[in-house]
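# Structural characterization, general
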Amino acid sequence: MSKVVGFYDSGIGGLPYLEWLKKHTTGCSFRYLAESAHFPFGTKTEPEIKSIVAESIGRFIESEHPDLIVIACNTASVTALELLRQKYSIPFVGVVPAIKPAAAISRKKSIGLFATNKTVSQLYTKNLIDTFASGCTVSKFAMPEIVAFVEKNIFTAAEDEITRIITPAADFFKKQGVDTVILGCTHFVYLEDTFKKVLGSTISVIDSREGVGNRAISLLEKIKSHADDGKGDMFFVTSIEKMPGNYKSISSRYGLSFGGEI
Ligand code: DGL
């Protein structure tokens, strides 16, 4: 008897979010879907993202019967969360940029948002800023190359390569004079340590893991356990063909068996 928690991202970005929840819960089993056939999301149009996400989430639900799904992708959440809630009856937890906590801790009221092209330009993000950070200046930076780098190379790259790839982002935020940077793309959580080093100790770096994890926990408390099919923690992709060879070893790092394609 356990509760099945689904996680969804365009690739490996959602794994640090899954890791957080796994650490803070008992009695759950985890299923992760990487939308590998359509990576990346951040440079696609709104209709493209909506249709990809709605379709693959439908297959995920049909195949894994999750009790709850964490859309562990800011781009998918700010673009398609409303649609998913209209279309499917199971509870969803979205991952959106941590604008509210950033506004609360920023002393200079100057925040950086480091996210995908789609997330920085989406109306949902503008509304979050207007609602929770109206007294702050929000400087936005997107660079698709960084998302692709993380997806393909993060576990094999040397520290100086990681430093090189994030330096344009760090330089931009320093120039803007921000004191808090939001990692508004789940892929960027992997860059946290190096990014902090490059930014220096006067700039805080935050993400949404804790807020999202706590929201998932409170929803899970209201869900009754059911007999799942005993598959255990699994990692799936939507296309094996497009799967970089390292996906299998990455999934095992997070304690997930590789379940192939759904
Ligand atoms: N990891 C995703 C996010 O949080 C999207 C990366 C992409 O596919 O462009 O936005």
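To keep things clear, this report deals only with the structure shown in the data block. (Residues numbered from 1 in each chain as written. Predicted model: local features only at pLDDT ≥ 70, side-chain atom pairs only at ≥ 80, totals over all residues. Heavy atoms only, no water.)

As a matter of local geometry, the ligand sits amid 14 residues, with Ser 10, Phe 41, Thr 75, Thr 186 and His 187 nearest to it. At 2.8 Å from an oxygen atom of the ligand is found a main-chain nitrogen or oxygen belonging to Gly 42. For the ligand, whose unbound accessible area comes to 300 Å², protein coverage reaches 99%. (Near = heavy atom within 4 Å. Polar contact = N/O pair within 3.5 Å; in protein donor to acceptor, adjacent residues only side chain to side chain. Areas by Shrake-Rupley, 256 points an atom, 1.4 Å probe, with all protein chains shown as cover.)

Turning next to the side chain of Thr 180. Residue position: Thr 180 is located in strand β7 (residues 180-183). You can call Thr 180 buried: its relative accessible area is 1%. Of the polar contacts made by the side chain of Thr 180, one reaches the side chain of Asp 179; its length is 2.8 Å. (Helix = DSSP H or I, 4+ residues; strand = E, 2+ residues; numbered from the N terminus. Buried < 20%, exposed > 50% of the residue type's maximum accessible area, 1.4 Å probe, protein only.)

Put simply, Phe 39 and Pro 40 share a cis peptide bond, and its omega is -5°. Positive phi, normally seen in glycine, also occurs at His 65, with a value near 45°. Tracing the backbone through its elements, the reader meets His 65 in the loop between α2 (46-64) and β3 (68-71).

Right, let's talk about the pattern of salt bridges for a bit. By the definition in use, this model includes 10 salt bridges. Between Arg 59 and Glu 55 there is a salt bridge whose closest N-O contact spans 3.0 Å. Residue Arg 59 and its partner Glu 55 are located together in helix α2, separated by 4 residues, close to a single helical turn. Take Glu 55: its relative accessible area is 41%, and that puts it in the partly exposed class. Put simply, Glu 192 and Arg 209 hold a salt bridge, and the shortest N to O gap is 3.1 Å. With a gap of 17 residues between them, Glu 192 in helix α9 (residues 192-199) and Arg 209 in helix α10 (residues 209-221) connect regions that are remote in the sequence. For Glu 192, a relative accessible area of 15% translates into the label buried. Residue Arg 209 is classed as buried on the basis of its relative accessible area, which comes to 18%. (Salt bridge = Lys/Arg side-chain N within 4 Å of Asp/Glu carboxyl O.)

It is worth spelling out the layout of surface pockets at this point. Of the voids in this model, the largest pocket is the one considered here, and its volume is about 460 Å³. Lining the largest pocket are 22 residues, with Gly 94, Val 96, Ser 208, Gly 211 and Val 212 sitting closest to its centre. At the level of secondary structure, the elements contributing two or more residues to the lining of the largest pocket comprise α3 (74-87), β4 (92-94), α4 (99-105), α6 (123-132) and α10. No other element matches α10, which puts 6 residues into the lining of the largest pocket. (1 Å grid on protein atoms, 1.4 Å probe; cavity = no way out; pocket = protein on both sides within 12 Å on 5 of 7 lines; lining within 4 Å. Points joined across faces, edges and corners; volume = space filled by probe spheres on them.)

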